[in-house]
Each structure stands twice: as C-alpha cells, then as structure tokens.
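Structural overview
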Amino acid sequence: KIFQAVVSCIGSDGTIYIIPKSFETALNKLMAEIQNTFKGLGLLIPYCWKKGEACVVRGSDTLWYRAKIVEVSGSTLQVQYIDRGYIESIPQCHLYPTTFYTGIPPFCIPCQLYKTLPIGNFWQQDAVDYLQELLKNEEVEIHVEELPDNPWGKLSISLYFGGMSLSSFMAYQKYCVAEDCQDIQKLGVFEGDLLPSYLLQPLPVPGETFPVTVTHLVSPKEVYICLDSSGNLKKRSATERAGSHDSESLNKALKWCNKIVKTLPHLTNFKKELPCLAEYVDGLWYRAKLLSITQLVPVQILVQFVDYGTYLVAPTSRLRHIPCHLLKYPVQAVRVLLAGFRPASDDKNVERIPYSPEWSLKALWTMVDMVEGKRLSASILTVSPEVTISLYGDDKNLVHLKLIEMGLAELDE
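Residues numbered from 1 in each chain as written. Predicted model: local features only at pLDDT ≥ 70, side-chain atom pairs only at ≥ 80, totals over all residues. Heavy atoms only, no water.

As recorded in an unreviewed UniProt entry, the chain goes by the name RING finger protein 17, listed as coming from Nicator chloris. One UniProt comment on the chain, placed under Subunit (unreviewed entry), says "Interacts with MXD1, MXD3, MXD4, MXI1 and PIWIL1. Self-associates." (UniProt positions renumbered as here; feature names shortened; annotations may be inferred.)

In structure tokens form, the structure reads like this:
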C-alpha cells in the first residue's frame, strides 16, 4: 500500500510517527470535540496515576490532546500524545483522567525503516536530531513493506521525500546501512563520463493558443516562457495538464533539496551544459546548467537557471551536484522568438542593449512592463529552426503593437 502522510514526530529511539493524510479530517473532528468537552484546568485534587492510564493533557498551545501515562515520578508525569507520538514530562495539574475516546484507535502510526540497520544497532542522537529536523511536520510518501506482528508494533515502511528514499539518504549520510540502496546514485554523484542532461518541455501543437508567463527577457524579441499551470483544468490541453503536474512535483522536490543541499557534494566537473543546483540571490537553490567559466582566479561560472531562463555568474561554493531524480522533470522555461516585428530603423534612443545593440534599452524596458507578472497567451508559428510564437497580452492584442506605436519597433511581415 502506498499513501501520503505527515510526519508528526521522531521518537528518541528513531521511531517515525506518521499521520496518514486520509486521517486528517477525522482527527480534526475529534480534536474539536475534545476542546468542547474539556475546558479550564486539569485535575487539581490528588490522584493516583497508573502507568498506561488514559488521560487528556493540556499542551503548551493550551489545546487538549489524548494521551497515556508512560511513567510516574512524583508530581511530574511522563505522557505520550497518542495521536502525535511525542513524549513529554507534564505537571499533574495539566492532566485529566478520562475513559472518553478510548474506543477510537490512535491516529498516528509508529513506523520503522524497512531493512535498515542503524550504525551501532540503534539510532544515535545526532541521527535522531537530523531526522527530526528533516521530517517533522512534512508531507511524505509511505510504502508499506511489512505489517507488525502485534497491533501495537511498528509498521515497516519505505519512506520517500521529494522522490528520494529516506533509507538510502541516511545510508549516504553514514547514519545507517540500508539493504536496498539502489537509488543512492540519485543523490547526485555521477560516475564516469556519462553527461546527464535535462528533458525538454513538450510544446502544444502549432496554431493552438495556450496560457503562458514570461520568465526572462533577453531582448524584446527573444524571451523565455513557461506554460501557465493555473487556470481552468478542463479547458487546458493534455500537454498543459501534464506540465502543470510536473511543475507542482518539481517544486516539492526542490523544496526538499533545499533542506538537504548542504549534504550534496560541490561540483568538481565543469563541463559545458552540465546540470547542477545553483544558489540564486534569494538564498534558495534551483536547477541550473553550466555555460562557461568567466574568471579563473577566483573561479566564477556563468550558469543559467533552466526553469526560468535567467543567468547568474556564481562562485563554485554556490554550485552543487544535482540529485538524479530532479532530471526527470522537463525544463520549465522555453526559449522563443516573438514574430511580427523587428527593431525600428529610425530609433534615435542612444542607450542600446550591449549584447543586442540593434535594440534600444527603452524598447526592452517597455516590453518588460508589458509582460512582467501578466497572464499572457501564445500561439506557436514554427518550431524549426527556432521556436517562434505570437504573444498576446491579457487584452488579447499582440504585445509588440505598443512598441510599434511608440516607434521602438516596426512591423516585420
């Protein structure tokens, strides 16, 4: 069985407590009922607590939770939140004995990694801390491998986050030995001379109008577009729906990669077009490819972010190996030429685009204003030798008409 779940906590022994997403509605309903039943403080009169006894406990967020007594020591009790998994020491005044809700099974499931042996035969504290930091409150994919011998035992699972196996990742980090490490190479260490590459984005058929956003402008005529994943699903083509799913899955996988990026090796191979992860100016890491070495001392590399089209000159410290599973998502940005116009032959603006001097900077900034943050639509005219499109604004008019009105471009039939 495969299902989505949220990791509620990691036990001190490395037990992974999960709450299946399918349980969330019922758990929220139970929590609301408990809050309505129990109000105010806990039990203030002396009471003889017993190990294993059911109770409700008032958490630090002032909400009441189902719990059971794990250990009794003086005025402080050790309790386990049975719907969350975590254990806390709580003063008696924050507890209330009850037999309410004991007929409802716990919503969280204790799990262990299938065929995974921690170093030293038990999970070391630094490994437990790392698991907690990596997984707590995160949504993951659970593959059930073996059921426990008794109902209160641990479920043996394979856990995947952002497309990566947790067992393989922890083995890569030297926290454990995993029997099945077939996807250890997914962590980005490429062997031999095999040069990995990105998949290209499938395009709609020529003549079909589809929603796009412009992610980067090289010049008024050369831009990078992304197929817009928002909008009415029913009206979108199969290509757009597939692109939308890829975009959502890629964003989730990148979120996870940003959590583990410090564990990925730095680049040592600087071949042109090599896929990598690169750190952008916002401090986040994105998919990129190497273009050229711009400086040798210190080394500076020109990279292009393949899902946006933007460029960056970065030191090697901001480049890392890319996990293999990130290569299965097609590049989101497509380089296109806009049809129907060319630079104005009588454009008197002195400031020109340095790398494309046939265009004035004013023409570029005017085009930026017309497309930035706008919901546009496009229609492909040709795909060879280069992808050429007609680009329309949200008013359904061709975007380049304003450039022509301002004398910054002229019609090109």
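Let's talk about the sheet that holds strand β19 (residues 311–315)
With antiparallel pairing, 5 strands are arranged side by side in an open sheet as β19-β18-β17-β16-β20. Two strands close off the open sheet at either side, each with one partner strand: β19 and β20 (319–320). Inspection of the sheet shows strand β17 (residues 285–295) paired to strand β18 (residues 300–305) by 6 bridges, in the antiparallel sense. From the neighbouring strand, alanine 288 faces β18, where its bridge partner is phenylalanine 305. (Pairing = 2+ DSSP bridges. Helix = DSSP H or I, 4+ residues; strand = E, 2+ residues; numbered from the N terminus.)

A look at the packing of aromatic side chains
Tallying each qualifying case throughout the model produces 17 aromatic pairs. With 6.1 Å between their ring centres and 90° between their planes, tyrosine 286 and phenylalanine 305 make a pair best called edge-to-face. A residue pair is termed long-range when its members are at least 10 positions apart, and tyrosine 286 in strand β17 and phenylalanine 305 in strand β18 qualify at 19 residues. Pairwise contacts between aromatic rings join Phe38, Trp64, Tyr96, Phe100 and Tyr101 into one cluster. Lying over the aromatic face of phenylalanine 341, lysine 221 brings its terminal NZ or CZ to 4.9 Å of the ring centre. A cation sits over an aromatic face here: lysine 255 above tryptophan 256, 5.6 Å from the ring centre. (Phe/Tyr/Trp six-rings, centres within 6.5 Å; stacked < 30°, edge-to-face > 60°. Lys NZ or Arg CZ within 6 Å of the ring centre and 35° of its normal.)

Re the pairing of strand β15 (residues 222–227)
Judged by how many residues are buried, β15 sits mostly within the fold: 6 of 6 residues are covered. Note: strand β14 (residues 209–217) against β15, 5 bridges, orientation antiparallel. Directly across from valine 212, in β15, lies its bridge partner leucine 227. Here β14 folds back onto β15 in antiparallel fashion, the turn holding 4 residues. Inspection of the sheet shows β15 paired to strand β21 (residues 333–338) by 5 bridges, in the antiparallel sense. Within the sheet, the bridge partner assigned to cysteine 226 lies in β21 and is alanine 333. (Buried < 20%, exposed > 50% of the residue type's maximum accessible area, 1.4 Å probe, protein only.)

Observations concerning the sheet that holds strand β7 (residues 95–97)
Strand order in the open sheet formed by 5 strands is β6-β5-β4-β3-β7, and the pairing between neighbours is antiparallel. Strands at the two margins of the open sheet, each flanked by one partner only, are β6 (87–91) and β7. Strand-to-strand, the axes of this sheet are offset by a mean angle of 45°, without reference to chain direction. With 6 bridges joining them, strand β4 (residues 64–73) and strand β5 (residues 76–81) adopt antiparallel strand pairing. Counted as the bridge partner of glutamate 71 is glutamine 78 from β5. Taken strand by strand, helix α1 (residues 24–37) contacts β3 (54–58) and β4, and its axis lies near 75° from that of β4. (Axes fitted to C-alpha atoms, helices over the stretch in contact; angles between N-to-C directions. Contact = heavy atoms within 4.5 Å.)

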